Structure formats: C-alpha cells, structure tokens
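Here's the letter readout for the chains.
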Amino acid sequence: MTEAGKRLLDPVVLARLAGLRLRVRATAEGVLSGLHRSPHHGQSVEFSEHKEYAPGDELRHVDWKAFGKFDKYYVKRFEQETNLRAWLVVDASGSMGYRGAEDRLTKLGYACTLAGTLAHLLVRQQDAAGLAVFSGKVTNALTPRAEPSQVNAILETLEALQAGGETRVEAAVQFLAERARRRSAVMVFSDLLDRDERVLRLVADLRRRRHEVTVFHLLDPSELDFPFDDPTLFLSMEDARSVEARGRDVRKGYLELLGKWLEDVRRICGESDVDYVRVRTDQPLDEVLVPFLSRRERSAA
Amino acid sequence: MNLSFLHPALLWGLAAAAIPLAIHLFYRRRPRSVPFPAIDFVMQARHETERRLKLRRVLLFTARTALLAAAALAIARPRLETPEASAAVGPAGPAATAIVLDTSASMAYRLGGRTLLDRAREDALEVLSSLGPDEPATVVVCGGEAVPAADPAGFDRVALRRTVADAEQGFARSDLTTCVTAAVRALGDPAALATARRRLVVATDLTASAWRLDAPAPVVPTPAGPQRPEVSLLDAARGEPLANRWVSGLVAEPEPAAGSHGYRIGVAVNGEGMEAERDVPLALRVGTGRDERTAVRSLLELPASGTTRKALAHDFAAGGPAVVTVALPPDALPEDDALSLVVDVPRDVKVLVVNGAPSAVRHRDAAYFLEAALTGPASPVRPTVVDAEGFAKARLADFDVVMLLDLRAPGPKAAELSAFVENGGGLFVAMGDDVDPDRWDAEAKGLLPAPLHLVKTAAERGTPGAEAKAARLAEIDWDHPALRVFTGQAREGLESVRAWRYMLLKPGAKDGGARVLARYDDGATALVEAGRGRGRVMLYASTLDPEWSDWTIRTSFLPAMQRIAAWLAGALDERRSAPGVVGAPRPLQLPAGLSLAAVVGPDGRERREGAARGDTASQGAPVVTPDRPGLWQVRVRDLATGGERIDPALAFAVWPDPRESDTRRLEPSELTAWFGGEALARVASDGRPSGSREVPLWSWLLLLAIAAFLAEGLLLG
C-alpha cells in the first residue's frame, strides 16, 4: 500500500473527509490494495454440475482437470442462489455519538465507514448486502441485494444517521430473526453498551440460527483509557442520568470494571462461536478490515 | 489546672491551620460536564470507592490541619500549670512586699523580640496586681551604682504601678546586693511590720556580676530582732542562658608604617556562651554623625568564649581630634557591640629652620642633621630650611615653630620673633661658634629662658682623654612631655650625649618661668624652656652639629627633635581623651576662657541641667556623669563673647560597663542559699512568684505534628 493510501485509512484523516461516500471509497480502495490476490476474482459462487462443452460457452469455465481425465471438454455450472447474503447491523444509539477528541470520528461515524466499506466490497463481488439500523428499535432496514445500486442505498441511509436513543440490541435481533430466514452473514457494529445484561446472549442467538455473526465492538480511546483527572460531571448519552466524580479517584475502579466487562464480552463471543473484533476508533481502518477479510477468505477456502 | 503560653503572641500562627481549608475552597472548581457513554461503569466505580475516598479525604484534611495547628501551638510554647504548694512557705496571712526591679544594662538583652526589662516590668506589675488590699508594698528601681531610695511600704498601688511602668532602661551597672538591702530595710517600717509576713520580690536577669554574695544577706529589722524575708527571684530570662559577645577593648597607637597620620587600632572582642564563628564582620568607622564613614572592614574568627584580639591600621586624613568606632554585628545585647574612642592625631607642625652658619660639608652642617630628624618617617613635622638672609625675609606667621641654629643674633627680626612667640609660636635656639651672646642678650632681651653668658670648653675634641672629660647630660626631666617618650633603655640614648663645648647661661629672672629640662654633669644648663605669652622658647646650650656635641649621632636625637618641635607648636598639649565608663563621673578640663554650656549625649540630647548645676570637682572643673555609652560632645561658652560652640577637642567616649556585658548567670541555688535556703527563697523561671508546677506541652505537640506529617505521607502514598 502506498503512503498516501495508508494515510487515507487513518481515522484522523478520514474524519476530515466530508462525506461518508468519500470515506467509504477511500477505505475500500485502501483495503483492496492491502488485500492479497483474491482467488475468486470478485465472484462468490458455488459449483453445481458439469456439462459438456458446446460452442458459445465461456472458455474460462472449461474444467481442464476433467479434460485431462476424460479427454472431453466439460464446462462447470454454478448455482446463482449460493451468493452470500450479508446483514450490516449498525447501532445508532446515543452512546455511539461519542468521540473523546475533536479530531476523531464518532463511534457511529467509524461504524458507518466500516459498514459502508464492507457493503461496497460485498456488492463488488456480487454478494448481497443489507442494512439494519437500530437504537431503541430498528429504524432503517434494507433487504440484502447484490445490485450496484444497493451500495448507494446503503450509503445514503448511513449518511443520514444521527446518534440518539437508547441501545436495544434485542430489537435488532428480533428484526433479523423475522427477516433473515436464510443463512446470512450478520455484522454487528455496536459499542454493546446496552443496559440489558442479556445483550451478548441475544447476539449469540443469531449464531444459533446458523448465521455467521461478527461483532465489531467499537470503543473510543477515552473509554478505554479514562483520561479524566479533575472533578467531572459525567452525563449519560442515552438518558438523563449523571454522576459527579473526580476522575483520578474513580479511574482505577472504572478500568477494572471495564476490563472485566471486555473480558466477558470476548469470552462469551468465543463460547458462542461469534467472531469478535474489538475496534478502537483511533485505529486505522485497514487494521480492522484487512485481517477480518483475510480471515473470512481463509474460512471460505 | 491552667493552660498558658510562653509566647501567646505567636498564637496567631494558629491561623495557619485554616490553610488546608482555604486551599480546598480556593481550588474547589465547578465540575466540567462531559457526556460519556460508559457512565454505568463510572457510577459503579464511584459507588465502590466513594466511602473509601471520603474517609481518605477526611483523614488527609485532618492530618494536614493537625500538622499545622500542632506546629503553631508548639511554637507558642503551651504549658499546663498545676497549682502546687510554694517552696517558700511562710506563715499564712497578708505580706508586706518590696519589689526590686533591675534596670541595669544587661536587662536590655533581647529574648524573643522583647527585652528582659520588658519581661521584668511585666512580672513586677503582675506581682502588684496579685497583692491583696491589706498588703502594703514598695518598689525599688535598681539601676546605677548609687544606693536607691526605698520608700516605706504603702498602699498607693497607682503610684507603684507608675513607678514600675516608667522605669527606664539603664546603661550602667546595678548593684543588686545594695538594692535588695535597701528594699528589705524598707520592710522594717511600721506599716510593713503590722503584716504577718515580709516578702522580697526581685525581677532580674540573674547575671552574676550584679550580685555581691560575699556581703551579708539582707534582713528586716524588727523589734524582735533581724528577720529574713521570704524571697521570690523572678527570672526575666526564664532560665535561658544569655549568650553575649562584646567589644571589650579599644586602643589606638601611632603606627608610622600606616602613614604620616597612621594609627594601629587594637580591638579586643569577648564572647560568653556563644557558638564559635568564622568570618564575623568587624567594622572600623571614623568620624561622627553624618560625617561618619566605614574606613576598614575586617573579619574575625571568634571562639565560643574568651577574648580575641585584632589589630587594624588606619591613616587619618588630617591631624586633630578624631573619633574611631569599632562595631560588631548587633547581637541580643547590641549596646556593647560597638566602642568608640577619641584619638588625638598629631597635627602637622610647620617649622622654619634657620641655619646661621651653613657648611659646605654636610656632616658639619647643623641643619642637615635637624632636617633629617624632622622629616623622619611618620613625622608630623614639615621643616623649611633657610639661611640668615632667608630668615630676614621669612614671614614667621606662616610657621608654628622657628628653630635658630648657630645664628649670630636675631637682628632686626628680634621684635617679630618676640611677637611670634607671644602669639603662641615656638622658638628653639641652638648655640654654635657664630653665636654672639652679647648681641643676643641685647636684641632678644627677655625672650630667651636665660641670658647667654659665655662658651665653656669641657674638653678639646680629638685630644687624649677628651671623651672622658666631655660633659654628659644629667638631671634630665623625664616627665616633660617632650622627653616622656624616653623610657627604659631608651633613656640611655639621651644620657649618653656628650658635649665638648656649650654655652653657659646667666641666671634668669626669678619670674622668668624657666624650666630646666636637662643639665650637664657639671650642673650647667643644657636644655631649658620658658613660656613667653602663649608661646614657648627652648634653648639648647650646645650645637646640633658634631662640632660641640655628639647628640646628632645618638638614637635619641630623632625622637627628641620631633617631640620638641611638636611640643613647641603646642601639639603635645592635646590630651589623649581616655574613655570613661557609663555612670562614672568625669571632670572636664576646659581651656581658659571657656565655660561649660552643655554636654551632648550619643542620643543627640543636650544636657544643660547638669552643666548649669555646676557639678564641680574639688579643683573646680565641671563634672558630668554620662548615663549611656557612646561619644559625648561638649558645648562650651566663650566667656569673652558669650557664644557657644561644640569643642571637638573636648569630646570623650564612654564605654559600657564590661561587667554588664558579662552575662554569665548565677546558679539559682547560689542565690537561694544566700537568701537563707529554699525554705525562704525560690527562683521562678516563669516570672510567677507563686508556686506552681508546669508541664510543657510543646514536645507533645511536636510529636503530634510529626505523626500527622507521617500520616499524610501514608495517605498520599
């Protein structure tokens, strides 16, 4: 990847880019140039049967191994229905509107960039990408489709998102249970700060429904490091709660609780066979996407 | 049980305990509002740590406040007083009380920002306040050597309080033995004897020099016989040692190596109970008032106790009376840290040397030897040599002394010479081959101490046995100011002078006032002096060249000639003004035609009363009794004109009494034993005459402060 491409993936640089489309494009190009040669050439298809070659068939579908065995030309046929269906589930609750520093993306901004980029990449390889946006309930939904116009629809939806309302993962899970009847890839972009303690069990439910679930757990560096010293009035971003505390007094306890929670999240995801990706919003996006995509390619192979 | 403080004024320090609270309030800020997603964790963390943090904050605040409060309290020296039976218990009932207040110089010692006299005054006032209505009292203020007046014990408390409050700090030594004896005697009057007990209270600093314990202890004369009083000694120093350092001596001696007006100033510094110090600054100041300037700065290495001496050299700018002051940095008793001295620096003496018979051979020339002697190192004499012709043209009024060597006769200058001497000039005449006795007698009649007669030859120089036959000086007036410098072996330099020829003198008039300073061993006059008007004339019967006498090659020649010139000019008349001691009467020798108008003390205040009172010694000289150390000036009145002026020549220095500088203290047991033992006398280090036991609390408070400090460190850690 060129230096310029790397810089484009820096969240600080991305945050300066005005629109989501621009960000998605920059990210997608950066990620594509970072990925190694793709064996699928952009297609996601499943082999169905052989048929004898007849003029007019595409030469690239000729099975040369079969020709070696049988000395006849056979052409591979593929089932179109085996295309990947992916649901991009984006948390747009109030807490996702947080950013610890002005030059960073909000968690929602980061999530939208991730989701948009993945949508772009999926549709580009003719997989179907859908979108579900939730906070207290599912507010926006786009059924997965593999058409290029789907990307535009998804990006438009994401671009219009405003963080607000409480986090209720249950609403998204119920929505997917109803709408995603076929086996799908479900990618959840959330900070998981749901007051419902069952949040992870609900996510695990999706896995039990045979979906391939990936949780992108977005956290701001200020949430992870708690850089507060002075007396501070902490205001809830989803309701009217507030608490006054001296940062240096509660830092130790906070970090202990946070660490334990993160450990629990990772453990439960592991136990539930849910792919878990923890994301710091100051992390370059390729560091998140390239390993994820590479991992998926390996599992597909 | 009472809580009291040794330094109650320092309780203001308690305000420091409010510093932690002030800092807390000052730095208390409104919390910054921050929207934060993971607020649940913050709430939970706060909930879990809140109690612990609150407790820690309270403990920290308490530790800091306790640290400052305990330190501030400890500095104020709190003590817990528990009443206890007095050691000096007499029969119950009202007591007649005599209070002796020590105002001696050592009571100016400063402890904790206050003088010992301030404390003693407070103690005395407290005693007066504690007296019952039926208890008579008297107060004796003890300052100076004079026996103080002790009024009979009475009940006028207002007057007694005023006496105590108005008691001024003295600068003289006080004899407390005399004072307590006078006070105790006052307890023998009928009003005091009517009470059940007699009590003596002495508010003092317990310095040993104030007491004469070899004298009998004071007793109250009662009809039943002498009775010892109960004694309370209120220690104004509160048991603390009184370390002191003082300038104990100052002398000034001429030091030719330092310059023509050079002096060697010897300084002695004493210390008692001080810590040894290096590089203590010592300043030598010259002059008085606004003209005073620091001439020499030096450093001293001072031992803890004992005497250190230091010599400083200074060349005065001009002759005449000069004031030098040597000062140490002020200590707790600053009054004795500087001494002044009046030095009479010899004035320049202008001498006209008239060589009546100049010789081309230098060693035969009388003026050669005389000029060499007068211009010796550090000599104040400035000679001008002329011959007889030059003498005729010279203006005598430009000179202090005229020295005529081998001059045939004064000639037309005789009248001017007589007038010159009458007006205070000095004349020295030496003989020689050219001198014409008859002309001298005729032209200078009445000027010389004695008329010239004829030349006598004791031996012809160079002939065998001439050395033995030569006349020697005898009957030398060693007390004469010009010859006083010859002491011990130095006298040999004058006694060994030989003369082969000399002028015999006719007997002078009886009222001529001639004083023979030396004779030859045959009885002939060798050196004679007489006063003429305000001037002096001295005649040497031989020559100042080797022709008639060998004086010029004797060691005595140089100092004798310089002294004679100075004497004839009147420079030796200026008396060295020896410093006096505070409280010691001092007679003032006033020049004729002047009377004492006033004396001006070091404080700048004129004292006309004493001068006007006409305190005089038996000789009629006015006497002043300086009451404080420093430089005293004398204002004189010209009897002819009635005008007044300060006469610098009469200024004198007054030194503090060295016994008051020695602040070594008596052991309380020595004093109580002198007063009759602990049954009758006690020393109160707290300034309270009543018996009470004190428990000092400052050490406990200091421990508390240290504990608070450690606790704060642990809490912060």
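Residues numbered from 1 in each chain as written. Chains lettered and ligands numbered in written order. Predicted model: local features only at pLDDT ≥ 70, side-chain atom pairs only at ≥ 80, totals over all residues. Heavy atoms only, no water.

1. Some words on the overall build of chain B
Helices and strands together make up the secondary structure of chain B, namely 17 helices and 39 strands. Expressed as a percentage of its 717 residues, the buried residues of chain B come to 49%. Considering only contacts within chain B whose residues lie at least 6 apart along the sequence, 74% involve residues at least 24 apart. For chain B, the exposed surface amounts to about 33600 Å²; the carbon and sulfur share of it is 55%. (Helix = DSSP H or I, 4+ residues; strand = E, 2+ residues; numbered from the N terminus. Buried < 20%, exposed > 50% of the residue type's maximum accessible area, 1.4 Å probe, protein only. Contact = heavy atoms within 4.5 Å. Areas by Shrake-Rupley, 256 points an atom, 1.4 Å probe, with all protein chains shown as cover.)

2. A closer look at the state of the cysteines
Working definition of a disulfide: a covalent bond connecting the sulfur atoms of two cysteines. Residue and element names in this part refer to chain B. Summed over the entire model, instances satisfying the criterion amount to one disulfide over all chains. The residue that forms a disulfide with cysteine 142 is cysteine 179, at a sulfur-sulfur distance of 1.8 Å. Between cysteine 142 and cysteine 179, the disulfide has an S-S torsion of 75 degrees and is therefore right-handed. In this pair, cysteine 142 is assigned in strand β7 (residues 137–142) and cysteine 179 in helix α5 (residues 176–186), connecting sequence segments 37 residues apart. The class of cysteine 142 is buried, set by a relative accessible area of 0%. (Disulfide = S-S within 2.5 Å.)

3. Focus: the interface of chain A and chain B
Accessible area lost upon the coming together of the parts serves often as the stated size of an interface. Listed per partner, the contact involves 29 residues of chain A and 21 residues of chain B. Buried area between chain A and chain B, summed over both chains or domains, comes out near 2400 Å², and the portion from carbon and sulfur atoms is 71%. At the surface where chain A touches chain B, the tally comes to two salt bridges. Here chain A and chain B share eight residue pairs in polar contact (both at pLDDT 80 or more) between them. Mapped by element, the contributors of at least two residues to the side of chain A that touches chain B are α9 (221–225), β8 (231–235), β9 (242–246) and α10 (247–271) of chain A. In terms of residue count, the dominant contributor to the side of chain A that touches chain B is α10 of chain A (seven residues). Looking at the side of chain A that touches chain B residue by residue, the class counts come to 16 nonpolar, six polar and seven charged. Alignment of β8 of chain A against strand β2 (residues 32–35) of chain B, held across four bridges, turns out to be parallel. Considered in β2 of chain B, the bridge of phenylalanine 234 of chain A is made with valine 34 of chain B. (Buried area = accessible area lost by both parts, 1.4 Å probe. Salt bridge = Lys/Arg side-chain N within 4 Å of Asp/Glu carboxyl O. Polar contact = N/O pair within 3.5 Å; in protein donor to acceptor, adjacent residues only side chain to side chain. Nonpolar A, V, L, I, M, F, W, Y, C, P; charged D, E, K, R; others polar. Pairing = 2+ DSSP bridges.)

4. Digging into the environment of threonine 222 of chain B
Residues and elements named next belong to chain B. Assignment of secondary structure puts threonine 222 in strand β9 (residues 220–222). In the structure, threonine 222 is positioned 29 residues away from leucine 193 in sequence and 7.2 Å away in space, judged by C-alpha atoms. Other than its neighbours up to four places away in sequence, threonine 222 contacts Leu193, Arg198 and Gln227.

5. Focus on the sheet that holds strand β17 (residues 320–327) of chain B
All names here are of chain B. Spatially, β15-β14-β17-β18 is the arrangement adopted by the four strands of the open sheet, whose pairing is antiparallel. Looking along the sheet, the strands with just one partner apiece sit at the ends: β15 (293–302) and β18 (338–345). Between one strand axis and the next, the sheet turns through 20 degrees on average, direction left out of account. Examined bridge by bridge, β17 and β18 share eight bridges and lie antiparallel to one another. Counted as the bridge partner of alanine 322 is valine 343 from β18. (Axes fitted to C-alpha atoms, helices over the stretch in contact; angles between N-to-C directions.)

6. Observations regarding the packing of aromatic side chains
Under the criterion given, the structure shown has 28 aromatic pairs over all chains. Consider the rings of phenylalanine 226 of chain A and phenylalanine 228 of chain A, whose centres lie 5.0 Å apart with planes at 70 degrees: the pair is edge-to-face. For phenylalanine 228 of chain A, a relative accessible area of 8% translates into the label buried. In textbook terms, an aromatic cluster arises when at least three aromatic residues are bridged by ring pairs, as seen for Tyr98, Phe226, Phe228, Phe234, Tyr254 and Trp261 of chain A together with Phe36 and Phe41 of chain B. When the ring centre of phenylalanine 391 of chain B is taken as origin, the NZ or CZ atom of lysine 413 of chain B, which lies over that ring, is 5.7 Å away. Above the plane of the ring of tryptophan 567 of chain B lies arginine 536 of chain B, whose end atom (NZ or CZ) is 3.5 Å from the centre. (Phe/Tyr/Trp six-rings, centres within 6.5 Å; stacked < 30°, edge-to-face > 60°. Lys NZ or Arg CZ within 6 Å of the ring centre and 35° of its normal.)

7. Remarks on the pattern of salt bridges
Residue and element names in this part refer to chain B. Counted under the stated rule, the structure contains 58 salt bridges over all chains. A salt bridge links glutamate 272 to arginine 664, with the shortest nitrogen-to-oxygen separation between them at 3.8 Å. Of this pair, glutamate 272 sits in strand β13 (residues 262–272) while arginine 664 sits in the loop between α15 (658–661) and α16 (668–674); the two residues are 392 residues apart in sequence, bridging distant segments of the chain. For aspartate 627, the salt bridge identified is with arginine 628, shortest N-O distance 3.6 Å. Sharing partners across several salt bridges, the network here consists of Asp603, Arg605, Arg607, Asp627 and Arg628.

8. Focus: the nonpolar core
Of all hydrophobic cores here, the largest spans 76 residues; its most connected members are Phe428, Leu544 and Met561 of chain B. Among the elements that line this core, the one with the most residues is helix α13 (residues 557–568) of chain B, at eight residues. Once residues within four sequence positions are removed from consideration, phenylalanine 428 of chain B is found in contact with Val402, Met403, Leu404, Leu527, Met538, Tyr540, Leu544, Met561, Ile564 and Leu568 of chain B. In terms of nonpolar packing, the next biggest core, distinct from the first, is built from 47 residues, Tyr98, Val199 and Val250 of chain A together with Ala38 of chain B among them. (Core = buried A, V, L, I, M, F, W, Y, C linked by side-chain atoms within 4.5 Å.)

9. Section: α13 of chain B
Residue and element names in this part refer to chain B. Its 12 residues place the ends of α13 16 Å apart at the C-alpha level, agreeing with the 16 Å of an ideal helix rising 1.5 Å per residue. Of all 12 residues in α13, nine are buried; the element is thus mostly enclosed. Inspection of α13 places Phe557, Ala560, Met561, Gln562, Ile564, Ala565, Ala566, Trp567 and Leu568 among the buried residues, and these make up the whole buried set. Note on α13: the residue one or two positions beyond its end, glycine 570, has a positive phi of about 85 degrees. (Expected span 1.5 Å × (residues − 1).)

10. Quick word on the confidence of the model for chain B
Residue and element names in this part refer to chain B. When pLDDT is averaged along chain B, the result is 85, and 93% of the positions lie at 70 or above. Across residues 84–90, where pLDDT falls below 50, the model places 16 contacts with residues more than four positions away in sequence or in other chains. The model gives residues 611–618 a pLDDT under 50, and that stretch makes 11 contacts with residues more than four places away or in other chains. With pTM at 0.51, the complex prediction returns an ipTM value of 0.80. (pLDDT = per-residue confidence, 0-100.)

11. Observations regarding the environment of glycine 273 of chain B
Residue and element names in this part refer to chain B. With respect to the helices and strands, glycine 273 occurs in the loop between β13 and β14 (277–286). For glycine 273, a relative accessible area of 52% translates into the label exposed. Residues glycine 273 and aspartate 662 lie 389 residues apart in sequence; the distance between their C-alpha atoms is 9.9 Å. Discounting residues that sit within four places of it in the chain, glycine 273 has contacts with Ala243, Ala304 and Ser305.

12. A look at the packing of helix α1 (residues 19–26) of chain B against helix α2 (residues 39–75) of chain B
To characterise two packed helices, one gives the angle between the axes of the helices and the distance between these axes. All names here are of chain B. Interhelical geometry of α1 versus α2 gives an angle of 135 degrees and a closest axis separation of 8 Å. Here α2 runs oblique to α1, going by the angle between their axes. Contacts between α1 and α2 involve Ile19, Pro20 and Leu21 from the first element and Phe61, Arg64, Thr65 and Leu68 from the second. Looking at the contact of α1 with α2 residue by residue, the class counts come to five nonpolar, one polar and one charged. (Parallel < 35°, antiparallel > 145°, perpendicular 65-115°, else oblique.)

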